[in-house]
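Reading the structure
This is what each chain is made of:
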Amino acid sequence: MGAFNRLLLAVWLVQVCSSGKLSCFSTTYINVSYVNPVTNRTVWRREEIGLYGIQSPTNTVTGTVYLAEPIHACANNTRFVRPSGLEPWIALVQRGNGCTFTYKINAAARNGASAAVIYNNYGTDNTVIQMSHPGTSIVAVMIGNTHGMELVDLLQNDVSVTMTVEVGLQRDLWMSHYSIIFISISFFIITTVTVCYFIIFFAQRLNNIRQRNHKQKQMKAQARKAIGQLKVRTLKQEDQETGPDADACAVCIESYKPGDLLSVLTCNHFFHKACIEPWLMEHRTCPMCKCDILKALGVETEDEQQHMPTITSDSFPSSTHESTPESPVHSDAASSGYESLQAAEQLSHNEHTHEGLDAVCVDVQPHYDNPAFENETRG
């Protein structure tokens, strides 16, 4: 909405600038020459000190300067003391005293002036403004108070002053009317694109945060499911884990005591149940060997299930021979650690009396993500 209002303002400025014959900002070069009564030498100076009015033509005007009486040119009987003749001349008038610029300029035009130079009020130094004077036809220029008072002093001392008014720099608001519209439309487009970019950026960022939070919740749910499948063991007085040489819990660094509940992971590492469950909810891996309990127990996330290829019976070649029944697929991953643990317990009770049992223990050794712990488990 703000960009649209700025576009309307730009169009309004085009209309204002187009209402006169001159561009919005046109400076004026003032050439002043006179004979110094003290040194009897001609003084000449050229300065860019004026500003054309909005409705003023941009013609170059040269002539002798005459002062208005009264100096504000607001009276009905305003006159300019000058010799009769057809030579062009320029009127010097002071701003203010209750009448408009149009009245002052038309008063000079009625007396035959080719241009009207209006100097600013007292106390404004050399500040100038752009005059609005509809209904005039001659050149109208404003100069600063300081420059105007210098000319008044010369004229009141009967010094003849000649002035030439020339067009200075054309300083439009945007150099041309078409540039105003072009820049306004460009600014509107850039603003719209920028706003759209930030909307898309923040929408994508919020979507990524929402997906990340959903994935974290999903992973925690899967971890909670996997924790429910872990074996829980209660320590007894005669268990070797309660002895003086037993290892401490790697999470809380406290020794095991009879009656403690232990959770046994798929890698055969065990910890306090109250210690390891919060850890698994956040990390889902063994603190010692980094074994992933989700993979070891066959617990899959939704993303893995979506990307897993579907296998049908048509994908395999037909066979006429019968195969030996096999255990369920999840037993290879989910139960490997527990089979090894159960086999080890049977070996300790039977004192290795059956040689075939050793072969079974070798066949069902768990899969280790970290081979460094293999010897420890076998021991």
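Residues numbered from 1 in each chain as written. Predicted model: local features only at pLDDT ≥ 70, side-chain atom pairs only at ≥ 80, totals over all residues. Heavy atoms only, no water.

**Focus on the pattern of salt bridges**
On inspection of all chains with the given rule, the structure shows eight salt bridges. The partner of R233 in a salt bridge is D239, and the shortest N-O contact between them spans 3.9 Å. Taking relative accessible area as the criterion, D239 reaches 16% and is therefore assigned buried. When the shortest N-O distance is used, the salt bridge between K273 and E277 registers 2.7 Å. Residue K273 and its partner E277 are located together in helix α5 (residues 273-283), separated by four residues, close to a single helical turn. Residue class for K273 comes out partly exposed when judged on its relative accessible area of 25%. A residue is classified by how much of its surface remains accessible, and E277, at 22% relative accessible area, is partly exposed. One continuous salt-bridge network, built from bridges that share partners, spans R45, E47 and E150. (Salt bridge = Lys/Arg side-chain N within 4 Å of Asp/Glu carboxyl O. Buried < 20%, exposed > 50% of the residue type's maximum accessible area, 1.4 Å probe, protein only. Helix = DSSP H or I, 4+ residues; strand = E, 2+ residues; numbered from the N terminus.)

**Considering the layout of surface pockets**
A volume near 270 Å³ is recorded for the second largest pocket. What lines the second largest pocket is T64, V65, Y66, L67, E69, V81, L155, Q156, D158, V159, S160 and V161. The biggest single contributor to the lining of the second largest pocket is strand β3 (residues 61-69), with five residues. Its residues assigned to classes, the lining of the second largest pocket shows seven nonpolar, three polar and two charged. (1 Å grid on protein atoms, 1.4 Å probe; cavity = no way out; pocket = protein on both sides within 12 Å on 5 of 7 lines; lining within 4 Å. Points joined across faces, edges and corners; volume = space filled by probe spheres on them. Nonpolar A, V, L, I, M, F, W, Y, C, P; charged D, E, K, R; others polar.)

**Some thoughts on the state of the cysteines**
Here the structure, examined in full by the defined rule, presents one disulfide. At a sulfur-sulfur separation of 1.8 Å, the disulfide partner of C74 is C99. Given an S-S torsion of about -60 degrees, the disulfide between C74 and C99 has left-handed geometry. One end of the pair, C74, is in the loop between β3 and β4 (79-80); the other, C99, is in the loop between β5 (89-94) and α2 (101-110), with 25 residues separating them in the sequence. This pair shows no difference in class: C74 is buried, exactly as C99 is. Here C286 is not disulfide-linked; the sulfur of C267 is the nearest cysteine sulfur, at 3.6 Å. No disulfide involves C291; its nearest neighbouring cysteine sulfur is the one of C267, lying 4.9 Å away. The exposure class assigned to C291 is buried, which follows from its relative accessible area of 4%. (Disulfide = S-S within 2.5 Å.)

**Some thoughts on the confidence of the model for the chain**
The predicted coordinates of low-pLDDT regions are not to be read in fine detail. Here the chain shows a mean pLDDT of 77. Residues at 70 or above account for 71%. Here helix α10 (residues 355-363) is the element of the chain with the lowest mean pLDDT, 37, and strand β6 (residues 115-119) is the one with the highest, 97. Here residues 7-14 is a poorly scored stretch, pLDDT under 50, and it has seven contacts once near neighbours within four places are set aside; other chains count. In this model, residues 310-379 is a region of pLDDT below 50 whose contacts with residues beyond four sequence positions or in other chains number 54 contacts. (pLDDT = per-residue confidence, 0-100. Contact = heavy atoms within 4.5 Å.)

**A closer look at helix α3 (residues 145-156)**
Helix length check: α3, at 12 residues, gives a terminal C-alpha distance of 16 Å against a target of 16 Å (1.5 Å per residue), a fit within 8%. Two residues or fewer past α3, D158 is found with a positive phi of approximately 60 degrees. (Expected span 1.5 Å × (residues − 1).)

**Concerning empty space enclosed by the protein**
Counted under the stated rule, the structure contains one cavity of 30 Å³ or more. Approximately 40 Å³ is the volume attributed to the largest cavity. At the level of elements, β1 (26-35), β2 (42-52) and α3 are the ones that each hand at least two residues to the lining of the largest cavity. At three residues, β2 tops the list of elements feeding residues into the lining of the largest cavity. Here the residues of the lining of the largest cavity sort into five nonpolar, one polar and two charged.

**A closer look at the sheet that holds strand β10 (residues 261-264)**
Reading across the sheet, the three strands line up as β9-β10-β11 and stay open at both edges, with antiparallel pairing between neighbours. Whereas interior strands pair on both sides, the edge strands pair on one side only; in this sheet they are β9 (231-234) and β11 (270-272). In this sheet, neighbouring strand axes are inclined to one another by 35 degrees on average, regardless of whether the strands run parallel or antiparallel. Two strands pair when backbone bridges link them, and β10 and β11 are joined in this way by three bridges, in the antiparallel orientation. Counted as the bridge partner of V264 is F270 from β11. The sheet contacts of α5 involve β9, β10 and β11, and relative to β11 the element is tilted by about 105 degrees. (Pairing = 2+ DSSP bridges. Axes fitted to C-alpha atoms, helices over the stretch in contact; angles between N-to-C directions.)

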